[in-house]
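Results of the structural survey
Chain by chain, the residues run as shown.
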Amino acid sequence: MDESIKSLVLELISDQVFGVWFLIGAALVFWMQAGFAMCETGFTRAKNAGNIIMKNLMDFCIGTVTFVLIGFGLFLGEDMLFGFLGKPNFDVFTNYASFDWSNFVFNLVFCATTATIVSGSMAERTRFISYCVYSAVISAVIYPIEAHWTWGGGWLAAIGFHDFAGSNCIHMVGGICALIGAAMLGPRIGKFEKDKDGKITKVNAFPGHNLPLAALGVFILWLGWYGFNGAAATTVEQLGAIFVTTTIAPAIATVVCMIFTWIRYGKPDVSMCLNASLAGLVAITAPCDVVDATGAIIIGAVAGLLVVFGVWFCDHIIHVDDPVGAVAVHMFNGIWGTLAVGLFATNTAPTYALADKNGQELLGLFYGGGFKLLGIQALGMLSTAAWTAVTIFITFSVIKLTLGLRASAEEEITGLDITEHGLPSAYSGFSIHDMSGMMEINDNTNLGEGEYDNATELQKNTAVKVVKETTIADGAIVDTGMHKVAIIAKLARFDNLKKALNDLGVTGMTVTQVMGCGIQKGAGEYYRGVELDATLLPKIKVEVIVSAIPVDKVVEAVKKALYTGHIGDGKIFVYNVSRVVKVRTGEEDFAALQDVE
């Protein structure tokens, strides 16, 4: 066979093989949605698991709709406004026979990833309708326009800016959206405690309810990242080199994070190491095709430290509540990965082709290229960050003024599964106990305070029912002067109840988490279209014994503390107590109660 023909045949075969790999890579990136869903669910509380799964599902589905209608044209359409955006088009409808189907699917799955990043930082307190709106805006406008600058032939591509798979265009953009969204939304109730002057004095930990699920998510994401970084490879050599760097960086990041947390906190931190694996993957995403093993090691090592710093920075410096560490993973390391191209790019990488607009080869600072490439990377990063910050701030501001961003305090503490989706629990058949919401009330709490005094007696007695046991002896009602008060209330009211009892002088109480079984008339919830006959909901049972403090005064204070104006605010049971014995001292009755009231 003639050598030229043989070469042509091999080239055609190679094109076909890499065309198939391109679509396999797109499928792997789509599979990363499962990883994000598992990771976010595991890092948050069980009462919001269904809500988080729903958001991750809708990220892709809403993103597909908006990308078809406008996003794809803005991204890969004909240049407009000097490379600022692509020309919107409907070629997928009008010219389907010659449409670039593979490119559409490939870029769609990347677009959906950007929106998914945001959900983790705003988890557990965002209204679902508001989430759907801002997810649509990210997929329709914010991501496609800035991605056009780099991958659609826009102005950044023309000056030599390099982001092979998305440290800048996807991860940093998603991380900035997450930071601004979480800051505007405010922290989860109980995350930060303040003194009387409003200064934050303590950061509370809200452990994720299922770390094995989070770890499964990380492994799924790591697998998907081989498609994320490698799908656009055009030769076997380039693909192999990308796989090497995509493996080294996260592994090094995880080891460094493990050692650092072991030294810093006395034990290797599991959740932080899971974040570090993702941080290493994010950091290597932009330079994966242009760095060698040494560069990947350094990039990973910095990422492993940077993710710990990012989590600390959000918690203790800027006081932004990020339940899953998305800002530390995606924003901080997206910036680092983008700049790392300008530091470690080397022409020893296969199919290296970095060049400026004049065709002059560009190399990283540490490989003899000077500051030129680093300057280009910094310009691209800052421009993309500015675009993202302005547009997402406007988006969140409009949503906040119209639909409202944040769920109510009672919805947040009860859990978004039941309040947003009518789902009593994502773990039906399991007993889920969540006490993490019972901490200091913060600025976002509004559970009906001040409404009790304006309510009628009928409204008070309907919302908080009181049942008093009457003791009769020899035909006469007996009052022993000692009473047991048992209170069944919502978890959301525990702090108010505890404070009200303490203010009366009642300091001893028995607290039990219980499950309330029942359903209010006309308030049926549905699962898969079928009405639930009864719903198990988490409640709190508080029991106190009082003698010196009048029981009616205790009942009135409890009613006021529990009242929100809704049926089912709570129930109060009052019993006569015939005898009390303090085991430690042997004291009985009134004397036995004096140190707890």
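First, a word on what this report is: a plain description of the structure on this page. (Residues numbered from 1 in each chain as written. Predicted model: local features only at pLDDT ≥ 70, side-chain atom pairs only at ≥ 80, totals over all residues. Heavy atoms only, no water.)

1. Re the overall build of the protein chain
In plain terms, the rule: The secondary structure listing takes helices from DSSP runs of H or I that are at least 4 residues long and strands from runs of E that are at least 2 residues long, numbered from the N terminus. Accessibility here uses a 1.4 Å probe with only protein chains present; expressed as a share of the type maximum, an area under 20% marks a residue as buried, one over 50% as exposed, and anything in between as partly exposed. Where accessible areas are quoted, they stem from the Shrake-Rupley method and a 1.4 Å probe; at the residue level, only the protein chains shown are allowed to cover.
Across its full length, the protein chain holds 18 helices and 13 strands. Counting the 597 residues in the protein chain, one finds 52% classified as buried. Of the roughly 26300 Å² of accessible surface on the protein chain, a fraction of 64% belongs to carbon and sulfur atoms.

2. Side note on a nonpolar patch on the surface
Filter applied, for reference: Put simply, a patch holds well-exposed residues, over 30% relative accessible area, that have no salt bridge, with like charges counted together within 9 Å and Val, Leu, Ile, Met, Phe, Trp or Tyr side chains within 5 Å. Throughout this description, the term salt bridge denotes a Lys or Arg side-chain nitrogen within 4 Å of a carboxyl oxygen of Asp or Glu.
Taken together, the side chains of Val65, Leu69, Ile70, Phe90 and Phe93 make up a nonpolar region of the molecular surface, amounting to roughly 480 Å² of accessible area. Take the nonpolar patch: its biggest share by element is three residues, from helix H2 (residues 49–76). As for its placement among the helices and strands, Val65 is situated in helix H2.

3. What about the environment of Met54?
Stated formally: Whether two residues touch is decided by their heavy atoms; if any such pair falls within 4.5 Å, the residues are in contact.
You can see Met54 is positioned in helix H2. Measuring from C-alpha to C-alpha, the distance between Met54 and Ala37 comes to 8.9 Å, with 17 residues separating the pair along the chain. Those residues in contact with Met54 that lie beyond four places of it in its chain are Phe128 and His421.

4. Side note on the layout of surface pockets
Our working rule: Grid points spaced at 1 Å over the protein atoms alone were grouped into cavities, where a 1.4 Å probe fits but cannot get out, and pockets, open sets with protein on both sides within 12 Å along at least five of seven lines, with lining residues defined by an atom within 4 Å of a point. Grid points are joined across faces, edges and corners, and a volume is the space filled by probe spheres set on the points. As a working rule, the residues Ala, Val, Leu, Ile, Met, Phe, Trp, Tyr, Cys and Pro are called nonpolar, Asp, Glu, Lys and Arg charged, and the rest polar, with Gly in that last group.
Roughly 710 Å³ of volume is contained in the second largest pocket. Lining the second largest pocket we find 30 residues, and of these Lys191, Ser271, Met272, Val311 and Asp315 sit closest to its centre. Examining the composition of the lining of the second largest pocket, we find that seven residues originate from one element, helix H11 (residues 293–317), more than from any other. Tallied by class, the residues present in the lining of the second largest pocket amount to 16 nonpolar, seven polar and seven charged.

5. Regarding the packing of aromatic side chains
Under the convention used in this document: In this analysis, rings of Phe, Tyr and Trp, with Trp reduced to its six-membered ring, are considered paired at centre separations within 6.5 Å, and the interplanar angle assigns stacked below 30 degrees, edge-to-face beyond 60, and tilted for intermediate values. Criterion for a charge above a ring: Arg CZ or Lys NZ at most 6 Å from the ring centre, at most 35 degrees from the ring normal.
Within the structure shown, the criterion is met by 28 aromatic pairs. Relative to Phe243, the ring of Trp21 lies with its centre 6.3 Å away and its plane at 55°, an arrangement referred to as tilted. One end of the pair, Trp21, is in helix H1 (residues 3–43); the other, Phe243, is in helix H9 (residues 236–265), with 222 residues separating them in the sequence. A relative accessible area of 30% means that Phe243 is categorised as partly exposed. Judged by centre distance (5.0 Å) and plane angle (75°), the rings of Tyr134 and Phe396 are edge-to-face. A residue pair is termed long-range when its members are at least 10 positions apart, and Tyr134 in helix H5 (residues 128–151) and Phe396 in helix H13 (residues 372–402) qualify at 262 residues. In this structure, Tyr134 and Phe396 share a single accessibility class: buried. In this structure an aromatic cluster arises from ring pairing among Phe22, Phe106, Phe110, Trp151, Trp225 and Phe228. Between Lys55 and the ring centre of Tyr131, over which it is positioned, the NZ or CZ distance is 5.3 Å.

6. Some remarks on the pairing of strand E8 (residues 483–490)
Every regular strand shows the same layout, with side chains that alternate between the two sheet faces. What counts here: Strands qualify as paired when DSSP identifies two bridges or more between them.
Burial of E8 is extensive: six of the eight residues sit out of reach of the surface. Here E8 runs beside strand E13 (residues 570–576); their pairing, made up of seven bridges, is antiparallel. Directly across from Ala489, in E13, lies its bridge partner Gly570.

7. Topic: the pairing of strand E4 (residues 200–203)
Sheet topology note: the strand E3 (residues 192–194)/E4 ladder contains three bridges and is antiparallel. Residue Glu193 lies in a different strand from E4, and its bridge partner there is Lys202.

8. Re the pattern of salt bridges
Pairing of side chains with opposite charge becomes possible as their charged atoms draw close. Scanning the entire structure with this criterion turns up nine salt bridges. Taking the shortest distance from any N to any O, the salt bridge between Lys372 and Asp356 comes out at 2.6 Å. Of this pair, Lys372 sits in helix H13 while Asp356 sits in the loop between helix H12 (326–344) and H13, and the two are 16 residues apart along the sequence. Note on Lys372: relative accessible area 40%, which makes it partly exposed. Here Asp356 falls in the buried class, since its relative accessible area comes to 8%. In this structure, Arg406 and Glu412 form a salt bridge, with 2.7 Å as the shortest nitrogen-oxygen distance. Residue classification places Arg406 among the buried residues on the basis of a relative accessible area of 18%. For Glu412, a relative accessible area of 2% puts it in the buried group.

9. Comments concerning empty space enclosed by the protein
A probe as big as a water molecule, rolled over the atoms, marks out the empty space that is left. Applying the stated criterion across every chain, the model contains three cavities of 30 Å³ or more. Approximately 120 Å³ is the volume found for the largest cavity. Every element with two or more residues in the lining of the largest cavity is listed here: H1, helix H4 (101–121), helix H10 (270–285) and H12. In terms of residue count, the dominant contributor to the lining of the largest cavity is H1 (four residues). Taken together, the residues of the lining of the largest cavity break down into nine nonpolar, four polar and one charged.

10. A few points about the side chain of His148
Under the convention used in this document: Within 3.5 Å is the distance limit for a polar contact, defined as a pair of N or O atoms, with the added protein rule that one can donate a hydrogen and the other accept it, and that residues adjacent in sequence qualify only through two side-chain atoms.
With respect to the helices and strands, the residue His148 is situated in helix H5. At 2.5 Å, the side chain of His148 and the side chain of Asp79 are in polar contact. In contact with His148, other than residues within four places in its own chain, are Leu74, Phe75, Leu76, Gly77, Asp79, Gly83, Phe84, Leu85, Gly86, Gly153 and Gly154.

11. Some words on unusual backbone geometry
The phi angle at Glu124 is positive, at roughly 80°, despite the residue not being glycine. Structurally, Glu124 can be placed in the loop between H4 and H5.

12. Digging into helix H8 (residues 211–230)
Under the convention used in this document: To estimate how far a helix should reach, multiply one less than its number of residues by 1.5 Å. The seven residues ending at a residue and the seven starting there each receive a fitted axis; the angle between those axes is the bend at that residue.
Look at H8: 28 Å from first C-alpha to last across 20 residues, which is about the 28 Å you get at 1.5 Å a residue. Along H8, the largest kink reaches about 30° and is centred on Gly224. Burial analysis of H8 places 15 of its 20 residues in the buried class, the great majority of the element. Sitting at the head of H8, Asn210 places a side-chain oxygen 3.1 Å from the backbone nitrogen of Leu213.

13. Quick word on the environment of Lys357
Its location among the elements puts Lys357 in the loop between H12 and H13. Along the backbone, Lys357 and Ala158 are 199 residues apart, and their C-alpha atoms lie at a distance of 5.8 Å.

14. Some remarks on the environment of Glu78
If you trace the backbone, Glu78 turns up in the loop between H2 and strand E1 (79–80). When the C-alpha atoms of Glu78 and Gly152 are compared, they prove to be 8.6 Å apart, with 74 residues separating the residues in sequence. Excluding residues that lie within four positions of it along the chain, Glu78 makes contacts with Leu85, Gly86 and Lys87.

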